Amino acid sequence: MQYHDLVIIGGGPAGLAAAVAARQAGVQDILVIERDERLGGILNQCIHNGFGLHTFHEELTGPEYAARYEQQVRELGIPCLLRTIVADISPKREILYVNAQEGAVTLQAGAVILAMGCRERPRGALGLPGYRPAGIFTAGTAQRLMNMEGQLVGRRVVILGSGDIGLIMARRMTLEGAQVQVVAELMPYSGGLNRNIVQCLQDYGIPLKLSHTVTAIHGKHRVTGVTLSAVGPDRRPIPGTEETYECDTLLLSCGLLPENELSKAAGISLDRVTGGPVVNDRLETDCPGVFACGNVLHVHDLVDYVSEEAARAGRNAAAFLSGAGAAAAPIPLAAQQGVRYTVPQCIDPARMDDSVTVRFRVADVYRDRCLTVYYDDTPVKRQKKRAMAPGEMEQVVITKQSLLEHGPVSRITLCVEDPA
């Protein structure tokens, strides 16, 4: 059986950043496995700019950002298997992969980093009514067809869902001459970044209808129109609010799901909110030696944060391979009162770095509130926030010094509160 010290599953921005950081931390035997024909992952189809401001301190397109990391991987001599599917991973870090050249191969890994990214929520998971005519695409599929295959998917477009990919595609299709008539969002708030709402919708006069959904799709062979209806607080359509739009294309931008079939196969515990693995502050799952980072862990809004998180996973995997001490009893993090989840889900004060960045999303749109951190029942940090929204990731820093100075802590709680 083949052996590698570190196997990284996924050659997108998370996998590449993790590989670079692990090599810089001293791991020589690294293998990156990528199912696509090239490295870079989803960034290869994201030809718009806005990437890299935090990481490289300049504005790059998605392919340019990916190329920076790919160049580092090549210069460091890290081998990468392309067009290779990982079919299984065991709790003992045995990996089965398949490709056309080698067939089925089983290898043993000293440590594993999961960096498989995420996938779009398909039509079948949305319960949309009507036939299955041509002209219905997920926003990411339309993006790939347009930006990589050179195919304009439609001329008159309605978009359901206001995730970032959908917002960006509204602008992209407008620039290519299509007419984007409306973006409908089931929730009373947008699922995307506010800057994308401004730059991709408002700047082009594209209306955004919140608390609306598709209640009918017209056309049998090709979409000829869709009917939108307003929804109430229970997210059910309100009779009498129907509006019909003639169109030939419906794009779906209704959320992303971490790609965690392999995590399940390894017996890794998954968070019920994020859909990704439960990890400690070292980004290690409850399967020893298996780490997770990027969108397979939780869906990020900025790729710069993906790279930062992945680099931490790479360094921590290197520490694991060098024989870092066993974990002590971790302190759980609790998400309450407006905070949907936290990543990581627990912190080991004995082994933690000097500081740990805890990332999370809120459950609603909040204005002029405070984010409060409690150690047990004692508030230790209050951050005033002018605005928080589910579409934008938030973060708070927990320091080792504050934990040690406070004394024994059995739980850390994050919540949204009214200002004092």
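Heads up: these notes are all about the structure in this document. (Residues numbered from 1 in each chain as written. Predicted model: local features only at pLDDT ≥ 70, side-chain atom pairs only at ≥ 80, totals over all residues. Heavy atoms only, no water.)

## Focus: the nonpolar core
Then, number 1: In this structure, Leu6, Ile8, Ile9, Ile95 and Leu114 are the most contacted members of the largest nonpolar core, which totals 62 residues.
Then, number 2: In this structure Ile95 touches Val7, Ile9, Val86, Asp88, Ile89, Val105, Thr106, Leu107, Ala109 and Val112, once residues within four positions along its chain are discounted.
Then, number 3: If you look at the next biggest cluster of nonpolar residues, it comprises 21 residues, including Ile347, Met388, Val396 and Val409. (Core = buried A, V, L, I, M, F, W, Y, C linked by side-chain atoms within 4.5 Å. Buried < 20%, exposed > 50% of the residue type's maximum accessible area, 1.4 Å probe, protein only. Contact = heavy atoms within 4.5 Å.)

## A closer look at the sheet that holds strand β14 (residues 212-218)
Then, number 1: Ordered in space as β14-β15-β16, the 3 strands form an open sheet in which the pairing is antiparallel. At either margin of the open sheet sits one strand with a lone partner, and together these are β14 and β16 (243-246). Pairs of neighbouring strands in the sheet enclose a mean axial angle of 30 degrees, with direction left out of account.
Then, number 2: Bridge count between strand β15 (residues 225-230) and β16: 4 bridges; the pairing is antiparallel. Across the sheet, residue Leu228 finds its bridge partner in β16, namely Glu243. (Pairing = 2+ DSSP bridges. Helix = DSSP H or I, 4+ residues; strand = E, 2+ residues; numbered from the N terminus. Axes fitted to C-alpha atoms, helices over the stretch in contact; angles between N-to-C directions.)

## Regarding the state of the cysteines
Then, number 1: Tallied over the full model, the rule gives 0 disulfides.
Then, number 2: The thiol of Cys247 is not disulfide-bonded; the next cysteine sulfur, from Cys254, is found 14 Å away.
Then, number 3: Cys346 supplies the cysteine sulfur nearest to Cys287, a cysteine that is in no disulfide, at a spacing of 15 Å.
Then, number 4: Cys287 gets classed as buried once you look at its relative accessible area, which sits at 6%. (Disulfide = S-S within 2.5 Å.)

## Quick notes on the environment of Leu76
Then, number 1: Tracing the chain through its elements places Leu76 in the loop between α2 (62-75) and β5 (80-81).
Then, number 2: Judged by its relative accessible area of 30%, Leu76 falls in the partly exposed class.
Then, number 3: Distance from Leu76 to Gln24, taken between C-alpha atoms, is 8.9 Å for residues 52 residues apart in sequence.
Then, number 4: Dropping the residues within four chain positions of it, Leu76 is found in contact with Val20 and Arg23.

## A few points about the sheet that holds strand β13 (residues 208-210)
The strands that make up a sheet pair up through hydrogen bonds in the backbone, lying either parallel or antiparallel.
Then, number 1: Read across the open sheet, the 5 strands follow the order β10-β17-β11-β12-β13; overall the sheet is parallel. Edge positions in the sheet fall to β10 (136-138) and β13, since each has one partner strand and no second. The average angle at which neighbouring strand axes cross in this sheet is 20 degrees, direction not considered.
Then, number 2: Each of β11 (156-160), β12 (179-185) and β17 (249-252) is contacted by helix α4 (residues 164-175), which is oriented at about 170 degrees to β12, the strand it contacts most.

## Details of the packing of helix α1 (residues 13-24) against α2
Think of two packed helices as two axes; the pair is described by the angle between the axes and how far apart they sit.
Then, number 1: Contact geometry for α1 and α2: axes closest at 9 Å, N-to-C directions at 35 degrees. Pair α1 / α2 crosses with left-handed handedness. Counting all contacts with α1, which are made through Leu16, Ala17 and Val20, the residues of α2 involved are Ala66, Tyr69, Glu70, Gln72 and Val73.
Then, number 2: In terms of residue class, the contact of α1 with α2 is built from 6 nonpolar, 1 polar and 1 charged. (Left-handed = near helix turned anticlockwise from the far one by under 90°. Nonpolar A, V, L, I, M, F, W, Y, C, P; charged D, E, K, R; others polar.)

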